[in-house]
Amino acid sequence: MEMIEESLGKTVVVTVKGRLDSNMSKGFETRLMELSEAPGASLVIDLGEVSYVSSAGLRVLLLAVRKVKAGKGKVALCAIQPQVKEVFDISGLSAVFSIHPAREAAVQSVG
Amino acid sequence: MSNQHRLKDNVHNGAVHIGLHVMASRIDISLKNKLPEIHRLAELVEAFFSDHALPDRLSHNFNLAFDEIITNIVSYGYEDEAEHRIDVHLSLTDGLIEAEVVDDAKAFDPLNAPDPDITAELEDRPIGGLGVFFVKKLMDEVRYKRENGRNHFYFCKRASP
């Protein structure tokens, strides 16, 4: 898996590529937590190139979203592929995450 | 002996012909208790589903189920540092896809755990327990048994016509 970080003003867009599962790199989790812990963080996680998410991947996303909320920041997810969306739906996380089909809308929502 | 039975026997003997477009209706794979083995399995499972012209969505669902169960076994099942074998079986019979994971980890019935509360507020969301819940939700049937010191986790789903 790969992770790309871009800054758009005060918003950080994290683009993830590959599989988010129990094999994901520790470095990814550590870096995502650092970004999420910043007070008042404005974060977008782009999952457009993530083909697979297991409960281990959801756990990391859930932790990140919680940390951002705890620091009074905003976070949105975008471009989730259909088979990955099904996993979000079954877990009930679709109801508590801010999810947008397009990256632009996600960036606007946290701005 | 029918042709189909001969094929099955070949596969039982370890000659897994998937990828060569032989329509084996069953594959048996042995994994080590290491997480990267799940990716190796995923490729074999994808090839099996594509060889049988089964939809990608089903392939994804079975791979997620295997991943969740095997991740649990590898992460929490063993009390030593030794190498262990995990046997995976996958078969297609008259539209019924059946899978089984057999391991010699400590006895653990994942079906005994309560379902996570998926309606809780964000702060109260449980971090664990989602994996087995996915398997129950995505499959038609799941079963567990402990036999001769090994855990057998079985799940199946009918391919829609």
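Residues numbered from 1 in each chain as written. Chains lettered and ligands numbered in written order. Predicted model: local features only at pLDDT ≥ 70, side-chain atom pairs only at ≥ 80, totals over all residues.

### Some words on the pairing of strand E5 (residues 150–158) of chain B
Residues and elements named next belong to chain B. The following threshold applies: Strands are labelled as partners when DSSP assigns at least two bridges between them. Helix and strand definitions follow DSSP, with helices as H or I runs of at least four residues and strands as E runs of at least two, each counted in order from the N terminus.
Two elements, strand E3 (residues 96–103) and E5, share eight bridges in a ladder whose sense is antiparallel. Across the sheet, the residue bridging to alanine 99 is phenylalanine 155, located in E5. In terms of strand pairing, strand E4 (residues 141–147) meets E5 through seven bridges, oriented antiparallel. Residue pairing for E5: lysine 145 is matched across the bridge by histidine 152. Once E4 ends, the chain turns through two residues before running back antiparallel as E5, passing asparagine 148 with a positive phi of about 50°.

### A few points about the nonpolar core
Stated precisely, the cut-off is as follows: Under the definition applied here, buried Ala, Val, Leu, Ile, Met, Phe, Trp, Tyr and Cys residues are grouped into a nonpolar core through C-beta atoms within 7 Å. Our exposure labels follow a C-beta count within 10 Å of each residue's own C-beta, placed from the backbone: buried means 20 or more other C-beta atoms, exposed means 12 or fewer, and partly exposed covers the counts in between.
With 62 residues, the main nonpolar core has Ala65, Phe66 and Val135 of chain B as its most contacted residues. With eight residues, the single largest contributor to this core is helix H3 (residues 56–76) of chain B.

### Some details on the environment of asparagine 148 of chain B
Locating asparagine 148 of chain B in the fold gives a position in the loop between E4 and E5. Counting along the chain gives 44 residues from asparagine 148 of chain B to aspartate 104 of chain B, while the straight-line C-alpha distance between them is 9.1 Å.

### Some details on the sheet that holds E4 of chain B
All names here are of chain B. Which entries qualify depends on this criterion: What counts as an axis is a line fitted to C-alpha atoms, over the stretch in contact for a helix, and the angles between N-to-C directions run from 0 to 180 degrees.
Strand order in the open sheet formed by five strands is E1-E2-E3-E5-E4, and the pairing between neighbours is antiparallel. Edge positions in the open sheet fall to strand E1 (26–32) and E4, since each of these has one partner strand only. For this sheet, the mean inter-axis angle between neighbouring strands, taken without regard to orientation, is 15°. For E1 and strand E2 (residues 85–93), the ladder comprises seven bridges, and the chain directions are antiparallel.

### So, the interface of chain A and chain B
Note the cut-off: The contact rule is simple: place each C-beta atom from the backbone, and if two of them lie within 7 Å, those residues are in contact. Only Asp, Glu, Lys and Arg are considered charged in this grouping, and only Ala, Val, Leu, Ile, Met, Phe, Trp, Tyr, Cys and Pro are considered nonpolar; every other residue, Gly among them, is considered polar.
Taken residue by residue, the interface counts 18 residues in chain A and 20 residues in chain B. Examining the composition of the side of chain A that touches chain B, we find that eight residues originate from one element, helix H2 (residues 55–70) of chain A, more than from any other. The class makeup of the residues in the side of chain A that touches chain B is seven nonpolar, seven polar and four charged.

### Observations concerning helix H2 (residues 37–51) of chain B
Residue and element names in this part refer to chain B. We count it as follows: Expected helix span is computed as 1.5 Å times (number of residues minus one). Here the arc refers to the set of directions running from the helix axis out to each C-beta atom.
The first and last C-alpha atoms of H2 sit 21 Å apart over 15 residues, in line with the 21 Å expected at 1.5 Å per residue. Of all the residues in H2, the buried ones are Ile38, Leu41, Ala42, Val45, Phe48 and Phe49. One side of H2 holds all its buried residues, which, seen down the axis, span an arc of 125°. Where H2 is buried, its residues meet E1, H3 and E2.

### Some words on the packing of helix H1 (residues 26–37) of chain A against H2 of chain A
All names here are of chain A. The condition that has to hold: Orientation labels follow simple angle bins: below 35 degrees gives roughly parallel, above 145 gives roughly antiparallel, 65 to 115 gives roughly perpendicular, and whatever is left gives oblique. Handedness of each helix crossing follows the sense of rotation of the near helix against the far helix: counterclockwise by less than a right angle gives left-handed, clockwise gives right-handed.
Interhelical geometry of H1 versus H2 gives an angle of 20° and a closest axis separation of 8 Å. Classed by the angle they form, the pair H1 and H2 counts as roughly parallel. Both H1 and H2 take part in a crossing whose hand is right-handed. Touching Glu29, Leu32, Met33, Ser36 and Glu37 of H1 are Val60, Leu63, Ala64, Lys67 and Val68, all from H2. Partitioning the contact of H1 with H2 into residue classes produces six nonpolar, one polar and three charged.

That is the geometry; function is a separate question.
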